[in-house]
Amino acid sequence: MIVLRTRSAVLAWRAGLRGPLGFVPTMGFFHDGHLSLMREARRRAGPDGTVAISIFVNPTQFGPNEDLDAYPRDEAGDLEKAAGVGVDVAFCPTDPRELYAGSRTWVEVEGLDQHLCGRARPGHFRGVCTVVAKLWGLIRPDVAIFGEKDYQQLAILRRMHADLCLGGEVVGMPIARETDGLAMSSRNANLTEHSRQDALAIPGFMDEVRRRFAAGERRSAALIAGARVALRPGRVDYVELVDAADLEPVETIERPALCAVAVFFPSRGGGEVRLIDNAVLNP
Ligand code: PAF
């Protein structure tokens with residue numbers, strides 16, 4: 001596998017590339033969820049195509065009180081895992097200046113960032129959109145793959161991709177879960193043994209919402225009633241029911257909707273880990 005460290009190295013590599021190119025942008029510390037995105041990129045690029053990833057813990061998407069320094073990192077392990085699922089090229093800038101030196105341009109998608117994680121983490125999606133737009137310009141993929149665990153991120157990036165005529169295609173992949181139901185996340189590694197158990201309250205609550213919905217309940221308030229008690233081992237950031245397309249809150253579900261949660265649990269380092277999960281409810 002080729003590892004590229006600089007913007008100019010990426011441009012030189014890209015200029016010489018022919019054939020389909022699949023891309024998975026990441027912040028590293030890979031779990032099976034990441035690897036499933038890479039396998040999908042491999043499948044879509046085909047045997048003669050190329051699969052590229054990026055590993056970059058993007059500072060501009062972290063708020064001043066967020067876990068940028070605590071974000072888990074293991075580049076050597078990541079590169080080995082990526083090679084194992086057929087990744088050909090990894091862009092791993094060692095210095096954020098490689099992407100941000102002299103930068104004065106920010107990408108913001110209006111409206112879709114007003115709820116859920118956007119409200120809880122002001123500026124987060126501006127950082128995500130800006131770095132993904134930069135990576136898209138450098139890598140110029142035919143297809144880029146993102147996970148549906150970050151549903152709002154995917155919705156915002158789809159909008160950005162269409163609005164900026166970036167070319168290629170954005171593809172979403174279903175949430176990968178541990179055998180006990182917890183959504184896979186690099187942040188799970190920072191949970192204490194105890195909070196890892198407590199975090200199972202999240203998939204338990206999502207199952208209950210799905211059960212109520214399957215039983216015919218369509219009122220949002222009734223679907224998420226008791227959420228704070230059900231999720232109590234953690235500190236609830238938000239529990240919301242929104243329209244699956246525009247992410248506006250809904251009172252009664254008549255079109256596909258999204259139940260999304262973010263909950264904090266104690267971390268090994270003494271702070272907190274913020275976990276997210278979601279379920280699409282399709283009437
Ligand atoms: O989902 C992530 O890992 C990040 O938000 C992304 C898309 C790689 C941008 O830094």
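Within any chain, residue numbers begin from 1 and follow the written order of that chain's sequence. Where local features are concerned, this predicted model is filtered to residues with pLDDT of at least 70; where side-chain atom pairs are given and counted, the filter is 80 or more; whole-chain, interface and lining totals use all residues. By convention in this description, side-chain values take in all heavy atoms of the structure and omit both hydrogens and water.

Is there a simple way to think about the environment of serine 103 in this case?
Mapped onto the secondary structure, serine 103 falls in the loop between helix H4 (97-100) and helix H5 (116-120). A simple rule labels every residue: compare its accessible area, found with a 1.4 Å probe on the protein chains alone, to the largest value its type can have, and call it buried under 20%, exposed over 50%, or partly exposed in between. Take serine 103: its relative accessible area is 29%, and that puts it in the partly exposed class. For the purposes of this entry, the term helix denotes a DSSP run of H or I that reaches at least four residues, the term strand denotes a run of E that reaches at least two, and both are numbered from the N terminus.

Any chance you could explain the sheet that holds strand E7 (residues 235-243) here in plain terms?
Paired through backbone hydrogen bonds, the strands of a sheet run either parallel or antiparallel to each other. Strands are treated as partners if at least two bridges between them are detected by DSSP. Sheet architecture is open: three strands sit in the order E7-E8-E9, paired in antiparallel fashion. Strand pairing shows two members of the sheet lacking a second neighbour, E7 and strand E9 (272-281), which therefore form its edges. Each strand axis lies, on average, 10° off the axis of its neighbour in the sheet, ignoring direction. As paired strands, strand E8 (residues 257-266) and E9 are joined by 10 bridges and run antiparallel to one another. By the bridge assignment, cysteine 259 is partnered in E9 with alanine 279. Contacts are assigned to residue pairs with any non-hydrogen atoms lying within 4.5 Å of each other. In this analysis an axis means a line fitted to C-alpha atoms, helices contributing only their contacting stretch, and an angle means the value between N-to-C directions, from 0 to 180 degrees. The sheet contacts of helix H9 (residues 201-214) involve E7, E8 and E9, and relative to E9 the element is tilted by about 20°.

How should the site of the ligand be read in this particular structure?
Close to the ligand lie Pro25, Thr26, Met27, Asn58, Gln61, Val128, Val131, Val132 and Gln153. Taking glutamine 153, its side chain carries an N or O atom lying 2.8 Å from an oxygen atom of the ligand. For the area figures, the Shrake-Rupley method with a 1.4 Å probe applies, and any residue is considered shielded solely by the protein chains shown. Protein chains bury 87% of the 290 Å² of accessible surface belonging to the ligand in isolation. Those elements that place two or more of their residues in the shell around the ligand are strand E2 (21-26) and helix H6 (124-139). The greatest single-element share of the shell around the ligand, amounting to three residues, is contributed by H6. Each residue receives one of three labels: charged for Asp, Glu, Lys and Arg, nonpolar for Ala, Val, Leu, Ile, Met, Phe, Trp, Tyr, Cys and Pro, and polar for the others, Gly being one of them. A class-by-class count of the residues in the shell around the ligand yields five nonpolar, four polar and no charged. Proximity is defined per residue: any heavy atom of the residue falling within 4 Å of a molecule or strand makes that residue near it. Between N or O atoms, a polar contact is any pair within 3.5 Å; within protein, one atom must be a potential hydrogen donor and the other a potential acceptor, and residues adjacent in sequence are included only when both atoms are from side chains.

Any functional reading would require information beyond the geometric quantities listed.
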